[in-house]
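Fold and geometry: a report
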Amino acid sequence: MMEYKEIYNKLGITDETLDKSEKMISDLKDRFDKIDRLCEVNQLKVIQAMQDSRVSEACLSGTTGYGYNDIGRDTLEDVYAAVFKTEAALVRPQITCGTHALAIALMGNLRPGDELLSPVGKPYDTLEEVIGIRPGRGSLSEYGITYSQVDLKSDGSFDYDGIRKAVNERTKLVTIQRSKGYQTRKTLSVDEIGELIAFIKGIRSDIICMVDNCYGEFTEYKEPSEAGADMCVGSLIKNPGGGLAPIGGYIVGTKECIENAAVRLTTPGLGKEVGASLDVLRSLYQGLFLAPSVTASALKNAIFAAKMFEDAGYAVVPDASEQRHDIIQAVTLGSPEKVIAFCRGIQSAAPVDGHVTPEPWDMPGYDAPVIMAAGAFISGSSIELSADGPIKEPYAVYFQGGLTWAHGKFGIMKAYQMVKDTE
Ligand SMILES: *Cc1c(COP(=O)(O)O)cnc(C)c1O
């Protein structure tokens, strides 16, 4: 088709890149069909939750001031609890980001003298200062909460012996990060998380199991809360916000855990009762409604990126044929120049700020310069097409998002060409 080639060529995509990508996409047809099916089921799950919670037009407008009796906010929390099949939920614009949601889940549920255990290796970079792995003002460590960690074995499996040894009478909460974050390990499946939780509950059933669910929502038929997790935590500017949520985080889980987190978010005595939703409710509802389909696009984009770069000889995690449990694609490019080229390619495909050139910078919370490509409608949103990479060994870039498949495809073609040009 003439128009098809013409517009790609005009936007700088060569015939060679176009032909290659068409070939890669035809190889992926079966995988893409499976993603469409997953999207359908998760879409119905969200609609059912909204109907069961009796979402009405009145829920879409918010409150001001204290926010007492904010039915839109309270109903949205019911919807989240229904989607994740938990007793309760805390979903608020006052939760500023995913790290904040994780921090209040931890700080609300841990007390001085308790120990936090990560049985899946080092947690996400920004949590290091929350926990006190790196000194942080106001960290859990300053409050006398200790931390212990058991790394995954070299083949990526759980070190069950190590975990059994690490659990002691002070172990109060176990944090399990589903997604790989800035690491090249594998992302955990909901089934694997379920096995780990069963093992931990087998040692002591009162240990709280929390899952950092960032980037994992709607990538499988089930969520970790259906596999035994007491809390699942994430960011609304990732998958569940569907690209529309302008801010926010969520915690879903048992009533007890959610109440503990709520009094840390607001104050003891006030808990969930205060917190005006202002004017964001409509986008939080509509974003959640779109989330299964946006996540499905992001999955297709990740798989397409894996296929293109794998074919070009780069190490990719996961590879193009593996099952997916999050929307992150790691591509090990091996040099700072290529990480920068990749990010610039993604940026040059953006609808917003497509003309700017990203540079590495010292981002708060990270221990190396990070380059980020994002031309997003919502600042920093990583469910929108984005890429980022710390400028350090092994020079891997982490690619994610894409509100639509067509946009993701274009961005990946651009990134591919720019990386090729450095070779
Ligand atoms: C993004 C992310 C976080 C932190 O979320 P922010 O919204 O960036 O604070 C935590 N854990 C994982 C695995 C993430 O991907």
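Scroll up to find the structure.
A brief structural summary. (Residues numbered from 1 in each chain as written. Predicted model: local features only at pLDDT ≥ 70, side-chain atom pairs only at ≥ 80, totals over all residues. Heavy atoms only, no water.)

1. So, unusual backbone geometry
Excluding glycine, residues mostly carry a negative phi; peptide bonds, for their part, are mostly trans. Worth spelling out the cut-off: Each helix is a run of DSSP H or I of at least 4 residues and each strand a run of E of at least 2, with the numbering of both proceeding from the N terminus.
The peptide bond linking Val-317 to Pro-318 adopts the cis configuration, its omega dihedral lying at -5°. Topologically, Pro-318 is positioned in the loop between β8 (315–317) and β9 (329–332). With omega at 0°, the peptide bond leading from Glu-393 into Pro-394 counts as cis. Turning to its location among the elements, Pro-394 is positioned in the loop between β11 (386–390) and β12 (396–400). In this structure, Asp-353 is a non-glycine residue whose phi angle is positive, near 60°.

2. Considering the packing of helix α4 (residues 71–84) against helix α10 (residues 281–311)
Between two packed helices, both the angle of their axes relative to each other and the distance between the axes serve to describe the pair. To keep things clear, this is the line we draw: Structural elements are reduced to axes, namely lines fitted to C-alpha atoms, with helices fitted over the stretch in contact, and the angle between N-to-C directions of any two is expressed from 0 to 180 degrees. Any angle between 65 and 115 degrees counts as roughly perpendicular, while under 35 counts as roughly parallel, over 145 as roughly antiparallel, and the rest as oblique. Crossing handedness follows the turn of the near helix against the far one: under a right angle anticlockwise gives a left-handed crossing, and clockwise gives a right-handed one. The criterion used for residue contact is that any of the two residues' heavy atoms lie within 4.5 Å. Following the grouping adopted for this structure description, the nonpolar residues are Ala, Val, Leu, Ile, Met, Phe, Trp, Tyr, Cys and Pro, the charged ones are Asp, Glu, Lys and Arg, and the polar ones are all others, Gly among them.
Where α4 contacts α10, the axes come no closer than 10 Å and their chain directions differ by 15°. Classified by the interaxial angle, the pair formed by α4 and α10 is roughly parallel. When you trace α4 past α10, the crossing you get is left-handed. Residues Gly-72, Arg-73, Thr-75, Leu-76, Val-79 and Tyr-80 of α4 lie in contact with α10, whose contacting residues are Leu-281, Leu-284, Tyr-285 and Leu-288. Of the residues contributing to the contact of α4 with α10, the split by class is seven nonpolar, two polar and one charged.

3. Considerations on the state of the cysteines
Heads up, the rule is: Pairs of cysteine sulfur atoms within 2.5 Å are identified as disulfides in what follows. Relative accessible area decides the class of each residue, using a 1.4 Å probe on protein chains only: under 20% of the type maximum gives buried, over 50% gives exposed, and in between gives partly exposed.
Going through the model one piece at a time under the given rule, you end up with zero disulfides. You can see Cys-209 has no disulfide; the closest cysteine sulfur is in Cys-257, sitting 9.7 Å from it. For Cys-209, a relative accessible area of 0% corresponds to the buried category.

4. Here we look at helix α12 (residues 405–422)
Cut-off, in case you're wondering: In this scheme, a helix's expected span is set at 1.5 Å multiplied by one less than its residue total.
Along its 18 residues, α12 runs 26 Å from first to last C-alpha, staying within 8% of the 26 Å computed at 1.5 Å per residue. Of the positions making up α12, those classed as buried are His-407, Gly-408, Lys-409, Phe-410, Gly-411, Ile-412, Met-413, Lys-414, Ala-415, Tyr-416, Gln-417 and Val-419. In this structure, the buried residues of α12 make contact with α1 (2–10), α2 (15–27), α10, α11 (336–347) and β12.

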